[in-house]
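# Chains, contacts and geometry: an overview
Here are the chains, one letter per residue:
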Amino acid sequence: MLNYCRIDLTHFGGVDGLQLTRHPKPALAAGQVLLNIHYSGLNPIDAKTRAGLGWAAQQNADKLPWVPGYDAAGQITAVGEGVDEAWLGKPVCGMLGFPLQGGCYSSMRSTDLNELLEVPKGVHLAQAAALPLAGLTAHQAVFEHGQAQSGERVVILGASGGVGHIAVQLAVAAGCEVIAVASARRKPLLQRLGAAQIYDYNSNWLADVSACADLLLDFAGGDFGKAALASVKSKGRVVTLPTVTADSVKQAACEADLDATGMLVHQDVDALQHLLQLVAAQKLTIEVESCYPAGSVADAHQHLEQGHVCGKLVLNWCQ
Ligand SMILES: NC(=O)c1ccc[n+]([C@@H]2O[C@H](COP(=O)([O-])OP(=O)(O)OC[C@H]3O[C@@H](n4cnc5c(N)ncnc54)[C@H](OP(=O)(O)O)[C@@H]3O)[C@@H](O)[C@H]2O)c1
């Protein structure tokens, strides 16, 4: 019986490689659960991999069709051997299969229970699908790699994107003075999220913000990231996120006597639990700019790859 839908990436390139297909129910191994996915989160890596760029594309080149997506939220509808039936019907979310397996652009997915977290009351499943990868990245950039401390001045480049808008809130809550850099139209959002100063990246913002930051969180990378190094104090810290340009930003940082690091987000269910609790307590806002029906995944990818998403995009499997 063909009873669930998913998005197959059939070939690398344009959005025509994303095909909605139907399949029989996935099998469950011991310790696994079947997740009925209501929403899948989108991340820039999905569009890069679809285009055939990056490590996930290289490693999956001979495994097409491959199902993209690392973020999902929904309900548990079946449990495998050894899993307590009390999980049946629970709303859950998680970052699943990062970076090689993917599989969240799907209305159903089997997964190990220990990769999922219960979604607390008050958190919409669309937010829960938008949170995991971007939230964990923001958390790890601010605290694990950035070592942000109360009282420090932190410049966040790309402050209104999926990772950026969460990082702004985490750094503000940690007592940092946040200088947010985004396009002018994002000023009201960034004010609401607590940024102390907000600059338009199309302005000459570095004239005002020169050599004053303890930490730069570079979520834009490339030449924008390199230029933003001028905002950091001598011997200050830099975390640069886009992996494709990380080496060149790190090299430029080293030449400017700054301490720079790249990073790759990793699974951390304790940190994700903490972030979910912050959302439930309305101490962390997850902006979902657009929610696309799963069948409109091509439109969602075109939106995503323009690089101007405010917060997050999600796919809805229930429409
Ligand atoms: N290494 C890792 O583990 C890891 C994990 C997650 C993400 N990433 C990478 O990190 C980057 C950010 O991820 P994301 O999910 O936050 O992306 P996103 O949601 O697509 O972020 C786009 C944001 O970047 C802003 N932006 C565009 N050009 C800019 C510029 N010149 N200066 C400053 N901001 C600019 C846009 O602002 P406007 O809309 O205002 O133009 C938009 O809000 C992506 O390259 C992603 O692939 C890496």
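Being a predicted model, the structure only gives us computed values, none of them experimental. (Residues numbered from 1 in each chain as written. Predicted model: local features only at pLDDT ≥ 70, side-chain atom pairs only at ≥ 80, totals over all residues. Heavy atoms only, no water.)

In this numbering, the UniProt entry assigns the feature "domain: Enoyl reductase (ER)" (unreviewed entry) to residues 13–315. Across residues 13–315, helical content stands at 30% and strand content at 26%; the span's end C-alpha atoms are separated by 20 Å. (UniProt positions renumbered as here; feature names shortened; annotations may be inferred. Helix = DSSP H or I, 4+ residues; strand = E, 2+ residues; numbered from the N terminus.)

The calculated volume of the second largest pocket comes to roughly 280 Å³. The wall of the second largest pocket is formed by 17 residues, among which Gln-101, Gly-102, Gly-103, Arg-109 and Ser-110 lie closest to the centre. Contributions of two or more residues to the lining of the second largest pocket are made by β1 (4–9) and β6 (108–112). The greatest single-element share of the lining of the second largest pocket, amounting to five residues, is contributed by β6. (1 Å grid on protein atoms, 1.4 Å probe; cavity = no way out; pocket = protein on both sides within 12 Å on 5 of 7 lines; lining within 4 Å. Points joined across faces, edges and corners; volume = space filled by probe spheres on them.)

Ranked by internal contacts, the top residues of the largest apolar core, which has 86 residues, are Leu-131, Ile-156 and Leu-217. If you count residues domain by domain, this core takes at least three from each of domain 1 (4–131 + 286–316) and domain 2 (134–261). In contact with Leu-131, not counting residues within four places along its chain, are Leu-136, Ile-166, Leu-272, Leu-275, Leu-276, Val-279, Leu-284 and Ile-286. Counting residues in each nonpolar core, the second largest holds 18 residues, with Tyr-199, Trp-205, Val-232 and Val-249 among its members. (Core = buried A, V, L, I, M, F, W, Y, C linked by side-chain atoms within 4.5 Å. Buried < 20%, exposed > 50% of the residue type's maximum accessible area, 1.4 Å probe, protein only. Domains from an automatic or database assignment. Contact = heavy atoms within 4.5 Å.)

We now examine the pattern of salt bridges. The full count for this structure, using the stated rule, is eight salt bridges. Here Asp-8 and Arg-6 are joined by a salt bridge, their closest N and O atoms 2.6 Å apart. Note on Asp-8: relative accessible area 5%, which makes it buried. By relative accessible area, Arg-6 is classed as buried at 18%. Among the ionic pairs, Asp-247 bridges to Lys-250, the shortest N-O distance being 3.8 Å. Highlighted residues: Asp-247 and Lys-250, both in helix α8 (residues 243–255), separated by three residues, approximately one helical turn. Note on Asp-247: relative accessible area 58%, which makes it exposed. Note on Lys-250: relative accessible area 30%, which makes it partly exposed. (Salt bridge = Lys/Arg side-chain N within 4 Å of Asp/Glu carboxyl O.)

This part takes up the site of the ligand. Around the ligand there are 26 residues in total, and Lys-48, Gly-162, Ser-183, Tyr-201 and His-308 lie nearest to it. Residue Gly-161 places a main-chain N or O atom 3.2 Å away from an oxygen atom belonging to the ligand. Val-309 places a main-chain nitrogen or oxygen 2.9 Å from an oxygen atom of the ligand. When the ligand is considered free in solution it has 930 Å² of accessible area, and contact with the protein chains removes 90% of it. (Near = heavy atom within 4 Å. Polar contact = N/O pair within 3.5 Å; in protein donor to acceptor, adjacent residues only side chain to side chain. Areas by Shrake-Rupley, 256 points an atom, 1.4 Å probe, with all protein chains shown as cover.)

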